[in-house]
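Examination of the molecular architecture
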Amino acid sequence: MSGLAMPKPDAETMRRRAEIVADMRIIVPGEGVVDTVNEMRAFESDGLTAYRQLPLVVVLPETVAQVSRVLKYCNDRNIRVVPRGSGTSLSGGALPLEDAVLLVMSRFNRILQIDYPNRIIVAQPGVTNLGITTAVEQEGFYYAPDPSSQIACSIGGNVAENSGGVHCLKYGLTANNVLGIEMVLMNGEVVRLGGSHLDQEGYDLDAAAILLCEADGTALEVAEEIARMTEVLREAGASAITVSQSEAERLRFWSGRKNAFPAAGRISPDYYCMDGTIPPKQLAHVLARIEEMETTFGLRCANVFHAGDGNMHPLILFDANQPGELERAEAFGAAILALCVEVGGTITGEHGVGVEKIDSMCVQFRAQELDAFFAVKRAFDPRMLLNPNKAIPTLNRCAELGSMRVSGGVLPFAHLPRF
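Residues numbered from 1 in each chain as written. Predicted model: local features only at pLDDT ≥ 70, side-chain atom pairs only at ≥ 80, totals over all residues. Heavy atoms only, no water.

1. Some remarks on the nonpolar core
Condition: Joining through side-chain atoms within 4.5 Å is the link that ties buried Ala, Val, Leu, Ile, Met, Phe, Trp, Tyr and Cys residues into a set, and such a set is a nonpolar core. Three labels apply to residues, based on accessible area from a 1.4 Å probe with only protein chains included: buried if under 20% of the type maximum, exposed if over 50%, partly exposed otherwise in between. Strands here are runs of E lasting at least two residues and helices are runs of H or I lasting at least four, both read from the DSSP assignment and numbered beginning at the N terminus. Residues are treated as being in contact if the distance between any of their heavy atoms lies within 4.5 Å.
Membership of the largest hydrophobic core comes to 38 residues, with the highest contact counts inside it found for Ile 316 and Phe 332. Sorting the residues of this core by element identifies helix 11 (283-297), strand 15 (311-318), helix 12 (325-342), helix 13 (361-364), helix 14 (367-380) and helix 15 (395-401) as the ones contributing at least two each. With 7 residues, the single largest contributor to this core is helix 12. With residues near it in sequence (within four places) discarded, Phe 332 still touches Ile 290, Met 293, Glu 294, Phe 297, Leu 299, Cys 301 and Ile 316. Counting 22 residues, the second largest nonpolar core, distinct from the first, contains Ile 20, Ile 79, Phe 108 and Met 186.

2. Points about the side chain of Gln 150
Note the threshold: As used in this structure description, the phrase polar contact means that two N or O atoms lie within 3.5 Å; if the pair is within protein, one of them must be able to donate a hydrogen and the other to accept it, and residues adjacent in sequence are counted only when both atoms belong to side chains.
Among the secondary structure elements, Gln 150 is positioned in the loop between strand 7 (141-142) and helix 6 (155-161). Look at Gln 150 and you get buried, because its relative accessible area is 14%. Within the structure, the side chain of Gln 150 is placed 3.2 Å from the side chain of Asn 129, a separation counted as a polar contact.

3. Observations regarding the pairing of strand 4 (residues 100-104)
Successive side chains on a regular strand alternate, one facing one side of the sheet and the next facing the other. To be explicit about the condition: Being paired, for any two strands, means DSSP has found at least two bridges between them.
The buried fraction of strand 4 amounts to 5 of the 5 residues, a majority that puts the element mostly inside the structure. Neither face of strand 4 is left uncovered, since the one carrying Ala 100, Leu 102 and Val 104 and the one carrying Val 101 and Leu 103 both have all their residues buried. For strand 2 (residues 57-59) and strand 4, the ladder comprises 3 bridges, and the chain directions are parallel. Note on strand 4: the bridge partner recorded for Val 57 is Val 101.

4. Some points on the confidence of the model for the chain
Where the model shows low pLDDT, its predicted coordinates should not be examined in detail. This is how it is decided: Each residue carries a pLDDT value, the predictor's own confidence for that position, ranging from 0 to 100.
On average, the chain scores 87 in pLDDT, and the residues at 70 or more come to 87%. The low-confidence segment residues 411-419, where pLDDT is below 50, has 19 contacts with residues more than four positions distant or belonging to other chains.

5. Points about the state of the cysteines
The term disulfide refers to a covalent linkage connecting the sulfur atoms of a pair of cysteines. We apply this condition: When two cysteine sulfur atoms are found within 2.5 Å, that pair is recorded as a disulfide.
Inspection of the entire model under this criterion finds 1 disulfide. There is a disulfide in this structure between Cys 362 and Cys 398, and the S-S distance comes to 2.0 Å. One disulfide, between Cys 362 and Cys 398, carries an S-S torsion of -75 degrees and so falls in the left-handed class. Highlighted residues: Cys 362 in helix 13 and Cys 398 in helix 15, separated in sequence by 36 residues. By the burial criterion, Cys 362 is buried, and Cys 398 matches it.

6. Details of the packing of aromatic side chains
Put simply, the test is: Any two of the Phe, Tyr and Trp rings considered here, Trp counted by its six-membered ring, make a pair once their centres fall within 6.5 Å; the pair's planes then place it as stacked at under 30 degrees, edge-to-face at over 60, or tilted in between.
On inspection of all chains with the given rule, the structure shows 4 aromatic pairs. Between Tyr 142 and Tyr 171, the ring centres sit 6.1 Å apart and the planes meet at 80 degrees, which makes this aromatic pair edge-to-face. Placement of Tyr 142 in strand 7 and of Tyr 171 in helix 7 (residues 168-171) is noted, with a sequence separation of 29 residues between them. Between the aromatic rings of Phe 365 and Phe 373, the centroid separation amounts to 5.1 Å while the plane-to-plane angle is 80 degrees, which identifies the pairing as edge-to-face. Phe 365 gets classed as buried once you look at its relative accessible area, which sits at 16%.

See below:
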């Protein structure tokens with residue numbers, strides 16, 4: 001497994017595997033538990049296929065009560081749990097752990113309520129992103145956040161990764177289109193945050209009642225938006241700008257953009273899809289730097305993005321069968337993310353951190369900020385059993401990496417022995 005240090009599995013959990021599997025079958029009967037090696041292969045990675053790991057066992061619950069019982073069981077016995085939606089994450093967010101129960105939410109695939117007057121839909125986490133639009137489009141509505149994987153990615157995963165897509169410049173990311181969620185904590189407690197309207201009583205969280213967007217925009221508003229975007233693109237050095245003149249042409253343009261990722265597979269055996277965000281005015285500079293990096297790392301890079309919000313998706317082309325190319329692709333990607341931070345951007349716009357960008361978190365954030373992130377996680381998961389060793393690096397990890405943000409000329413983590 002290239003460049004990824006997986007935590008050592010808990011010996012006691014591994015020793016009790018047969019007992020855990022048997023107990024999972026009691027909680028989720030029928031075909032809800034998968035425990036053979038061949039059957040678990042389908043779950044060994046998500047969209048970041050360079051990293052693979054078989055889980056302890058795969059559990060597919062169908063009810064909130066079952067999810068609650070699984071989590072409480074694992075919490076009481078100090079067993080790690082990794083949640084998984086549709087498995088389209090490109091950051092390894094759903095990568096299994098050898099000693100963890102893989103909790104798959106794909107059977108939660110129903111839309112529970114559609115409220116057109118209030119533009120709200122209540123959906124279970126396994127409903128696909130496009131499935132929400134399909135459910136309401138006959139009334140002229142759609143769900144705005146539209147990642148390229150929308151035909152397959154689940155809305156629960158969208159919430160977890162704060163997915164965006166090309167509509168996010170106007171309508172925002174997932175967090176801007178969600179009013180509330182029902183969630184199960186690691187101890188099995190079921191809580192509801194937010195609700196069906198703004199300023200709901202109780203805890204406030206802008207995150208699974210989802211706002212619908214109605215097809216809108218006057219001719220003047222569209223013209224103003226086109227003018228604004230044309231100006232941004234020209235400032236970024238665009239050599240040609242074309243505006244669709246018909247509905248058919250508009251759909252053809254979007255088809256090209258939505259199929260950019262799979263099309264890359266026709267020009268390279270493998271590609272590594274990155275996700276960084278920059279100030280739009282830095283686009284030309286960053287693209288020029290990426291072109292220089294192609295020579296440095298000896299690999300090609302196809303650049304795809306929704307430039308209006310600064311979210312870039314460089315596709316680093318490589319051949320995993322050639323020794324060393326995956327490692328060079330990973331180093332190329334880390335250099336791009338460092339560049340994004342250098343110009344005032346961030347290491348991720350919508351793919352999330354997962355395991356892919358955990359080291360790059362050390363480049364962007366200071367020790368105090370990482371501590372704050374861990375404090376938030378501990379509030380929901382005090383024992384750090386839920387999807388551990390992802391998203392937030394430990395200070396020791398950042399120290400070992402030797403790559404971190406320097407503020408005011410002072411190195412963070414000065415108290416650690418290596419410094």
